[in-house]
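Examining the three-dimensional arrangement
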Amino acid sequence: MKPGYIIIISGPSGVGKGTIIKRVLNVRDDLILSVSATTRKPRPGEVDGISYHFMSTEEFKEAANAGAFLEYCEVHGNLYGTLLENVNNTLNQGKHILLEIDTQGAEKVRLNHTRVISIFVVPPTFQTLINRLHERNTEDPDVIKNRLMMAGNELATIGKYDYIVVNDKLDVATTDILDILDSLETTIN
Ligand code: 5GP
């Protein structure tokens, strides 16, 4: 049995990655979402172990020192990391593992692993991103401002990704990603 692929999905905060990912996961049972660890505080509605593994900074650093992460980075002032065990278990079952990670993490994974496909999700316009972040209403204005500034930096790395998907219409963006997954078996050895 061939191991699966590491599928990376990145994109600025508010671009709608989470919603697209939920839809893609509903269709593909050979795709498992990696639940990252983070030192960020849970948002309302987020569940420990499902949204993230929420950790204190001390717990996170201990896990990092013990080699628990495939990659980890500081994003928007908090630590985020991909847990290695889940990735390895999934790949060894011949399934694909989906990492929803930032651009720095994506670069680390691309440099250190083979069988990696990276996808960057962009908004149709920058204004759409601003509107979505305000509508989501989960962060205060300073945090939103910071995330928009970060979005500019993230967009600068777009050329390193294998695919760019525009999230204008949710159905189209979801189909685009499903098409990429369908093409994996035939285009890459
Ligand atoms: P949020 O706080 O909005 O859930 O996520 C903030 C950013 O952290 C997003 O860009 C998300 O892709 C990124 N992120 C989430 N988990 C990980 C991870 O395990 N590693 C890295 N490098 N970035 C992550």
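Structure's up top.
Structural notes on the pairing of strand E7 (residues 96-100)
- When you tally the buried positions in E7, you get 4 out of 5 residues, the bulk of the element.
- Pairing between strand E1 (residues 6-10) and E7: 4 bridges, direction parallel. Note on E7: the bridge partner recorded for Ile9 is Glu100.
- Relative to E7, strand E2 (residues 31-33) is paired through 3 bridges, and the arrangement is parallel. Looking at E7, one finds that Leu31 is bridged to His96.

Regarding the sheet that holds strand E6 (residues 78-83)
- Strand order in the open sheet formed by 4 strands is E4-E3-E6-E5, with mixed pairing between adjacent strands. Edge positions in the sheet fall to strand E4 (53-54) and strand E5 (69-75), since each of these pairs with one other strand and no more.
- In this structure, strand E3 (residues 37-38) lies alongside E4, joined through 2 bridges in parallel fashion. Bridging from a neighbouring strand, Thr38 pairs with Phe54 of E4.
- Relative to E5, helix H2 (residues 57-65) is tilted by about 140°, and along the sheet it contacts E3, E4, E5 and E6.

A short note on the site of the ligand
- As a structural note, the neighbourhood of the ligand is formed by 17 residues, with Ser36, Arg40, Tyr52, Glu71 and Tyr80 the closest of them.
- Contact between the ligand and Asp102: a nitrogen atom at 2.7 Å from a side-chain N or O atom of the residue.
- Protein contact buries 95% of the 510 Å² of open area that the ligand shows by itself.
- In the shell around the ligand, the residues fall into 5 nonpolar, 5 polar and 7 charged.

Conventions we followed
Residues numbered from 1 in each chain as written. Predicted model: local features only at pLDDT ≥ 70, side-chain atom pairs only at ≥ 80, totals over all residues. Heavy atoms only, no water. Buried < 20%, exposed > 50% of the residue type's maximum accessible area, 1.4 Å probe, protein only. Helix = DSSP H or I, 4+ residues; strand = E, 2+ residues; numbered from the N terminus. Pairing = 2+ DSSP bridges. Contact = heavy atoms within 4.5 Å. Axes fitted to C-alpha atoms, helices over the stretch in contact; angles between N-to-C directions. Near = heavy atom within 4 Å. Polar contact = N/O pair within 3.5 Å; in protein donor to acceptor, adjacent residues only side chain to side chain. Areas by Shrake-Rupley, 256 points an atom, 1.4 Å probe, with all protein chains shown as cover. Nonpolar A, V, L, I, M, F, W, Y, C, P; charged D, E, K, R; others polar.

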